Amino acid sequence: MHRRWVAGAAAICALVALACEAGDGDGSPDDPPPPPRADLPTSIAALGDSITAGYGSCIVLTACHRNSWSTGDGFRVESLYRRVLDADDRIRGQDHNFAVPGARAAALADQAASAVEVSAAYVTVLIGANDACRPSVTDMTPVDAFRADVDRGLRVLRDGLPEAEVLVLSIPDLHRLWELGHDQERVVRAWNRGVCPSMLADPTATDESATQRRTAVRERVVAYNAELARACQAYGDRCRFDGGAAYDAQFRLADLNQLDYFHPDADGQNLLAEVAYAASGLAE
């Protein structure tokens, strides 16, 4: 899912810093969120892939943890961490982002072990887009293997952090991205560089073969989300699933960075943060 981008030296670095700190607030909700509950966690760890790493949200195509929906500490995104921090200063500095661009569910156990090492009190999980975004449909992770990978990762958390709360988000709807951008020339140019080829290769093609390919990817994402829900249920009452809210989130092209039109920009990260907060159990 991730691409390389060569940044110009000092000028680009300055732009990146500015982008991480300043924003127009378009991604903020119109109505204030519900207030946090009284017994908030004192640390948070984020597990997942490029989306949770904030990839592409700071001008260049690289990880930008400051803008992560989960643990971001910048000013552009009202992350879960910032929402808790606003109510309870004890969490200050205890934001840990172990998400890795390109990670698939098989990497979840190692990331979970890192969360155990820092004794995280609250852990977020958003994983699986890379299991579907493969060179071809046949390369996608089988559903049973995906479930086994997720179970292995959650088992590390349950064994190592039995008192921690876990939030599992559904995988966003990759097919919706195609619907939004397949007839936009600038978007097609970006996708033709190799972005999520199982879904977005030949984006202007609408023949039966292309349609069947995209449908297969969408169905696989739906199947992954069903397994995420079941895995969280099997975990026990300290795991929350978002009920498909991230999958149902109505992303716009304006919520995606304009380099790959795939990863959320700061506005898109804010949308995910809103969805996550509603499902998190952190509010009253």
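The notes below deal with the structure included here. (Residues numbered from 1 in each chain as written. Predicted model: local features only at pLDDT ≥ 70, side-chain atom pairs only at ≥ 80, totals over all residues. Heavy atoms only, no water.)

1. A short note on the overall build of the protein
Turning to step 1, where the next piece is worked out: The helix and strand inventory of the protein stands at eleven helices and five strands.
Turning to step 2, where the next piece is worked out: Put simply, the protein has 284 residues, and 52% of those count as buried. (Helix = DSSP H or I, 4+ residues; strand = E, 2+ residues; numbered from the N terminus. Buried < 20%, exposed > 50% of the residue type's maximum accessible area, 1.4 Å probe, protein only.)

2. Remarks on the pattern of salt bridges
Pairing between side chains becomes possible if they bear opposite charge and their charged atoms approach one another.
Turning to step 1, where the next piece is worked out: Applying the stated criterion across every chain yields a total of 13 salt bridges.
Turning to step 2, where the next piece is worked out: Between E78 and R82 there is a salt bridge, with its nearest N and O atoms 3.2 Å apart.
Turning to step 3, where the next piece is worked out: R152 is the partner of D149 in a salt bridge, and the nearest nitrogen-oxygen pair spans 2.4 Å. Taken together, the positions of D149 and R152, both in helix α5 (residues 143-160) and three residues apart, correspond to about one turn of that helix.
Turning to step 4, where the next piece is worked out: Overall, R152 belongs to the partly exposed group, its relative accessible area being 35%.
Turning to step 5, where the next piece is worked out: When salt bridges with common partners are traced through the structure, they connect R147, D151, E227 and R230 into a single cluster. (Salt bridge = Lys/Arg side-chain N within 4 Å of Asp/Glu carboxyl O.)

3. Focus: the state of the cysteines
The term disulfide refers to a covalent linkage connecting the sulfur atoms of a pair of cysteines.
Turning to step 1, where the next piece is worked out: Taken as a whole and judged by the stated rule, the model has three disulfides.
Turning to step 2, where the next piece is worked out: Residue pairing for C133: its cysteine sulfur links by disulfide to C196, the two sulfurs lying 2.0 Å apart. The sign of the S-S torsion, about -85°, decides the handedness of the disulfide formed by C133 and C196: left-handed. You can see C133 sitting in the loop between α4 (129-132) and α5 and its partner C196 sitting in the loop between α7 (185-191) and α8 (197-200), a full 63 residues away along the chain. (Disulfide = S-S within 2.5 Å.)

4. Quick look at the sheet that holds strand β2 (residues 95-97)
By definition, the strands of a sheet pair up through backbone hydrogen bonds, in either a parallel or an antiparallel sense.
Turning to step 1, where the next piece is worked out: Reading across from one edge, β2-β1-β3-β4-β5 is the order of the five strands in this open sheet, with parallel pairing throughout. Each end of this open sheet is capped by a strand with a single partner; those strands are β2 and β5 (239-241). Neighbouring strand axes in the sheet, compared pairwise and without regard to direction, differ in orientation by 15° on average.
Turning to step 2, where the next piece is worked out: Against the sheet, helix α11 (residues 266-280) makes contact with β3 (122-126), β4 (165-168) and β5, and its axis sits at roughly 135° relative to β4, the strand it touches most. (Pairing = 2+ DSSP bridges. Axes fitted to C-alpha atoms, helices over the stretch in contact; angles between N-to-C directions. Contact = heavy atoms within 4.5 Å.)

5. Observations concerning the side chain of T141
Turning to step 1, where the next piece is worked out: Assignment of secondary structure puts T141 in the loop between α4 and α5.
Turning to step 2, where the next piece is worked out: The exposure class assigned to T141 is buried, which follows from its relative accessible area of 11%.
Turning to step 3, where the next piece is worked out: Those residues in contact with T141 that sit more than four places away from it in its chain are R104, D131, F146, R220 and Y224.

6. Things to note about α5
Turning to step 1, where the next piece is worked out: The terminal C-alpha atoms of α5, which comprises 18 residues, lie 26 Å apart, in line with the 26 Å expected from a rise of 1.5 Å per residue.
Turning to step 2, where the next piece is worked out: Turning to α5, its buried residues number three or more, namely F146, R147, D149, V150, G153, L154 and L157. Projected down its long axis, α5 carries its buried residues within an arc of 160°, all on one side. For α5, exposure combined with an orientation more than 90 degrees from the buried face picks out D144 and D159.
Turning to step 3, where the next piece is worked out: Here the buried face of α5 lies against β1 (44-48), α3 (108-117), β3, α4, β4 and α9 (208-235). (Expected span 1.5 Å × (residues − 1). Arc of directions from axis to C-beta.)

7. Quick word on the environment of A205
Turning to step 1, where the next piece is worked out: Counting through the fold element by element, A205 comes out in the loop between α8 and α9.
Turning to step 2, where the next piece is worked out: Sequence separation between A205 and H182 is 23 residues; the distance between their C-alpha atoms is 8.7 Å.
Turning to step 3, where the next piece is worked out: Setting aside anything within four residues of it in sequence, one finds A205 in contact with W178, A210 and R214.

8. A look at the pairing of β4
Turning to step 1, where the next piece is worked out: Alternating positions in β4 separate into two faces, E165 and L167 on one and V166 and V168 on the other, with burial throughout.
Turning to step 2, where the next piece is worked out: Pairing of β3 with β4 involves four bridges; the strand directions are parallel. Within β4, the position partnered with Y122 by the bridge is E165.
Turning to step 3, where the next piece is worked out: The pairing of β4 with β5 spans three bridges and is classified as parallel. Each bridged residue has a counterpart across the sheet, and for L167 the counterpart in β5 is R240.

9. Remarks on the environment of F146
Turning to step 1, where the next piece is worked out: Structurally, the position occupied by F146 is in helix α5.
Turning to step 2, where the next piece is worked out: Here F146 falls in the buried class, since its relative accessible area comes to 0%.
Turning to step 3, where the next piece is worked out: Separated by 82 residues in sequence, F146 and L228 place their C-alpha atoms 9.1 Å apart.
Turning to step 4, where the next piece is worked out: Not counting residues up to four positions away in its chain, the partners in contact with F146 are A105, I127, G128, D131, T141, I171, Y224, E227 and L228.

10. Observations concerning unusual backbone geometry
Turning to step 1, where the next piece is worked out: Look at C196: it is not a glycine, yet its phi comes out positive at around 40°.
Turning to step 2, where the next piece is worked out: Here Y261, not a glycine, exhibits a phi torsion of approximately 50°, which is positive.

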